[in-house]
Amino acid sequence: MRWDGNRESDNVEDRRDEESGSSGGFSLGGGSIGLGTVAIGLVAWLVFGANPLQVISALSGGGHQQVQTQPHQPKVHSAEEEREAKLVRVVLADTEDVWGQIFQQRGGSYERPRLVMFSNSTPTACGRGESAMGPFYCPADRKVYIDLAFYRTLNQQLGAPGEFAEAYVIAHEVGHHVQNLLGISGKVDAARRGASERKSNALSVRLELQADCFAGVWGSHADKARHILETGDLETALNAASKIGDDTLQRSAGHAVVPDSFTHGSSEQRVRWFRRGFDSGDIAQCDTFAANPL
């Protein structure tokens, strides 16, 4: 992926030095929890809606242990972590340019989101953000949150390496911000209130697949304007979308595939909707709520 030297966004808060412990795990009862356990916690949250911290605590034998506060020590970030941080800033800047242009063409203005890089946990307007949640968007403060350790999880535990795969993660969360600005998220939240679990999950799937499609729209515009993609880059994003499909994660966790429990969509759906956004470059092609079947 060609990105080095491109504009970096100023809308980034770096909170990585505000938390204790290493960016690759947690400290529970004095023990260290590595990325493998974090990945399992992430799978539990994505697929089953489980509290990832409860899963991690149980797997570590710390169900009744208290989180220990470690003395604050200045962190030394590796060259790889700094590369990831720079990539995040560049990708966020690129989404600002693309969505700013799209909103302008539609007669509106784009409110740029802020992105927070953190380690382990951080306060948000949506509650305490934790690394085990994976990257997420909080509509209450209009911020994207990411612990860069997720990229190691994506690469090593989920088998989805590549810089464009990492960019796809940011573009997906920014897609949720776009949904928020367009009023889509609010309508879905209202529809989910009082709905059955099955109906609520189905609406969540449509919301997530639309964010995938919006990520594809970004990728299409960014490549046409700045030629960011090299051979094989698109495939790394499609692979990432496939690896985090609900059916794939359920199988990886050793469970039966239960479509009614899906909250993000199957691997096939995630790949197809990202590809639809990328091939068309048109947000009008991303109406997952009107699509039947998905």
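Residues numbered from 1 in each chain as written. Predicted model: local features only at pLDDT ≥ 70, side-chain atom pairs only at ≥ 80, totals over all residues. Heavy atoms only, no water.

(A) Fine view of the sheet that holds strand 1 (residues 12-14). The strand order across the open sheet built from 4 strands is 1-4-8-7, with neighbouring strands paired in mixed fashion. Across the chains shown, the open sheet's two edge strands, defined by having one partner strand only, are strand 1 and strand 7 (136-138). When strand polarity is set aside, the average angle formed by the axes of neighbouring strands in this sheet is 25°. Here strand 1 pairs with strand 4 (residues 114-117) via 3 bridges, running parallel. Within the sheet, the bridge partner assigned to Asp 14 lies in strand 4 and is Met 117. Sheet strands in contact with helix 3 (residues 79-105) are strand 1 and strand 4, and its direction is about 170° off that of strand 4. (Pairing = 2+ DSSP bridges. Helix = DSSP H or I, 4+ residues; strand = E, 2+ residues; numbered from the N terminus. Axes fitted to C-alpha atoms, helices over the stretch in contact; angles between N-to-C directions. Contact = heavy atoms within 4.5 Å.)

(B) Focus on the nonpolar core. Grouped together as the largest cluster of nonpolar side chains are 59 residues, with contacts concentrated most on Trp 99, Leu 115, Tyr 151, Phe 164 and Trp 218. For this core, the secondary-structure elements that each account for two or more residues are helix 3, strand 4, strand 8 (143-146), helix 4 (149-157), helix 5 (163-181), helix 7 (197-226), helix 8 (233-243) and helix 10 (267-280). Ranked by residues supplied to this core, first place goes to helix 3 with 10 residues. The next biggest cluster of nonpolar side chains, apart from the first, holds 5 residues, and it includes Val 116, Phe 118, Cys 138 and Tyr 145. (Core = buried A, V, L, I, M, F, W, Y, C linked by side-chain atoms within 4.5 Å. Buried < 20%, exposed > 50% of the residue type's maximum accessible area, 1.4 Å probe, protein only.)

(C) Seen up close, the state of the cysteines. Here the structure, examined in full by the defined rule, presents 2 disulfides. Disulfide partner of Cys 126: Cys 138, at an S-S distance of 2.0 Å. Where Cys 126 bonds to Cys 138 through sulfur, the torsion about that S-S bond is close to 90°, and the disulfide is right-handed. Taken together, the residues Cys 126 in the loop between strand 5 (121-124) and strand 6 (127-130) and Cys 138 in strand 7 connect sequence positions 12 residues apart. Using a relative accessible area of 45% as the deciding quantity, one classes Cys 126 as partly exposed. Here Cys 213 is linked by a disulfide to Cys 286, with a sulfur-sulfur distance of 2.0 Å. Its torsion about the S-S bond being -70°, the disulfide of Cys 213 and Cys 286 is classed as left-handed. Remark: Cys 286 occurs in the segment after helix 10 and Cys 213 occurs in helix 7; sequence separation between them is 73 residues. Here Cys 213 and Cys 286 have matching classes, each one buried. Disulfide connectivity for the chain, with bonded cysteines indexed by sequence position, reads 1-2, 3-4. (Disulfide = S-S within 2.5 Å.)

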